[in-house]
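Overview (structure and organization)
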Amino acid sequence: MAELHIIGQIIGATGFPQNSLFCKWGVHTGGAWRLLSGLKEGQTQVDMPQTGDMAYWSHPIDLHYTTKGLQGWPKLHLQVWHQDSFGRCQLYGYGYIHIPSSPGQHRLQCVTWRPLGSWQDQLSEMFVGGGPQLRSPDLIYSGADRYRLHTVGMGTVELELCIFLRHFDRYGVES
């Protein structure tokens, strides 16, 4: 079986309205993929930078997959959250990227967005906090109903991933 190794880190985030951010992440694959080792989801620590607007997490990612086909290539989905001084958490953005299919080291940027909601939701968010969230996180990476959402762009998450492919040549894939 062909093998895919993903080793790297979620470096951090920039461009969000406030600091004190953390990130929940997960990897989604098709049915032909099997995770041999590593965690397919996780969460970073909260970073509250004293200077600048970059929140640094340096959160490690180490995954090892096997597959018999290319369909359902892995996607990394992200949720960036803000934690205020009272410990309340507010969603700041969703995003996803396809894991690169070429071997080597890749520096990636994942732009994020969040649902906008009605003007009542926006007014409530300004005074009370919170805000609209997706009912199903699957909407992040499956474009089925995503086109109907009203969204606003948020910040960017930076990642560094090293991709190792093994035995893909046996299945007709040149690396």
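Conventions and cut-offs
- Residues numbered from 1 in each chain as written.
- Predicted model: local features only at pLDDT ≥ 70, side-chain atom pairs only at ≥ 80, totals over all residues.
- Heavy atoms only, no water.
- UniProt positions renumbered as here; feature names shortened; annotations may be inferred.
- Phe/Tyr/Trp six-rings, centres within 6.5 Å; stacked < 30°, edge-to-face > 60°.
- Helix = DSSP H or I, 4+ residues; strand = E, 2+ residues; numbered from the N terminus.
- Buried < 20%, exposed > 50% of the residue type's maximum accessible area, 1.4 Å probe, protein only.
- Core = buried A, V, L, I, M, F, W, Y, C linked by side-chain atoms within 4.5 Å.
- Salt bridge = Lys/Arg side-chain N within 4 Å of Asp/Glu carboxyl O.
- 1 Å grid on protein atoms, 1.4 Å probe; cavity = no way out; pocket = protein on both sides within 12 Å on 5 of 7 lines; lining within 4 Å.
- Points joined across faces, edges and corners; volume = space filled by probe spheres on them.
- Nonpolar A, V, L, I, M, F, W, Y, C, P; charged D, E, K, R; others polar.
- Polar contact = N/O pair within 3.5 Å; in protein donor to acceptor, adjacent residues only side chain to side chain.
- Contact = heavy atoms within 4.5 Å.
- Disulfide = S-S within 2.5 Å.

You'll find the protein entered in an unreviewed UniProt entry as B9 domain-containing protein 2, with Carassius auratus given as the organism. Under the Function (unreviewed entry) heading, UniProt states for the protein: "Component of the tectonic-like complex, a complex localized at the transition zone of primary cilia and acting as a barrier that prevents diffusion of transmembrane proteins between the cilia and plasma membranes."

In this section: the packing of aromatic side chains. Per the stated rule, a full pass over the model turns up six aromatic pairs. Between the aromatic rings of tryptophan 73 and phenylalanine 168, the centroid separation amounts to 5.9 Å while the plane-to-plane angle is 55°, which identifies the pairing as tilted. Linking tryptophan 73 in the loop between strand 5 (55-67) and strand 6 (75-83) with phenylalanine 168 in the segment after strand 9 (151-166), this pair joins segments that are 95 residues apart in sequence. Phenylalanine 168 shares its class with tryptophan 73; the two are buried. Ring geometry for tyrosine 94 against tryptophan 113: centres 5.4 Å apart, planes inclined by 45°, an arrangement best described as tilted. Here the residue tyrosine 94 occupies a position in strand 7 (residues 89-98), and tryptophan 113 occupies one in strand 8 (residues 104-115), the gap between them amounting to 19 residues. Here tyrosine 94 and tryptophan 113 have matching classes, each one buried.

Let us look at the nonpolar core. The biggest cluster of nonpolar side chains holds 31 residues, and the ones touching the most others in it are Ile6, Trp57, Leu76, Leu78, Val157 and Leu159. Broken down by secondary-structure element, the contributors of at least two residues to this core are strand 1 (2-14), strand 2 (21-28), strand 5, strand 6, strand 7, strand 8 and strand 9. Counting six residues, the second largest nonpolar core, distinct from the first, contains Phe22, Trp81, Trp113 and Leu134.

It is possible for side chains of opposite charge to pair when their charged atoms get near one another. Evaluated as defined, the whole model comprises four salt bridges. Here arginine 88 ties to aspartate 84 by a salt bridge, and the two come within 2.7 Å at their closest N and O atoms. For aspartate 84, a relative accessible area of 21% gives the class partly exposed. The residue glutamate 158 makes a salt bridge to arginine 107 at a minimum N-O spacing of 3.1 Å. On the criterion of sequence distance, the pair formed by glutamate 158 in strand 9 and arginine 107 in strand 8 is long-range, its members being 51 residues apart.

Below, the discussion takes up the layout of surface pockets. What the second largest pocket holds in volume is close to 180 Å³. Surrounding the second largest pocket, 12 residues form its lining, Val27, His28, Thr29, Lys40 and Tyr65 being those nearest its centre. Of all elements in the fold, only strand 2 and strand 3 (33-37) reach the threshold of two or more residues within the lining of the second largest pocket. By residue class, the composition of the lining of the second largest pocket is five nonpolar, four polar and three charged.

Mapping glutamate 3 onto the fold places it in strand 1. Relative accessible area serves as the criterion here: at 13%, glutamate 3 is assigned to the buried category. Within the local environment of glutamate 3, its side chain forms a polar contact with the side chain of histidine 64, the two groups lying 2.8 Å apart. Beyond its immediate sequence surroundings of up to four residues, glutamate 3 is in contact with His64, Tyr65, Thr66, Phe164, Leu165, Arg166, His167 and Phe168.

We now examine the state of the cysteines. Counted under the stated rule, the structure contains zero disulfides. Lacking any disulfide linkage, cysteine 23 is separated from the closest cysteine sulfur, that of cysteine 110, by 8.4 Å. When its relative accessible area of 0% is taken as the criterion, cysteine 23 is described as buried.

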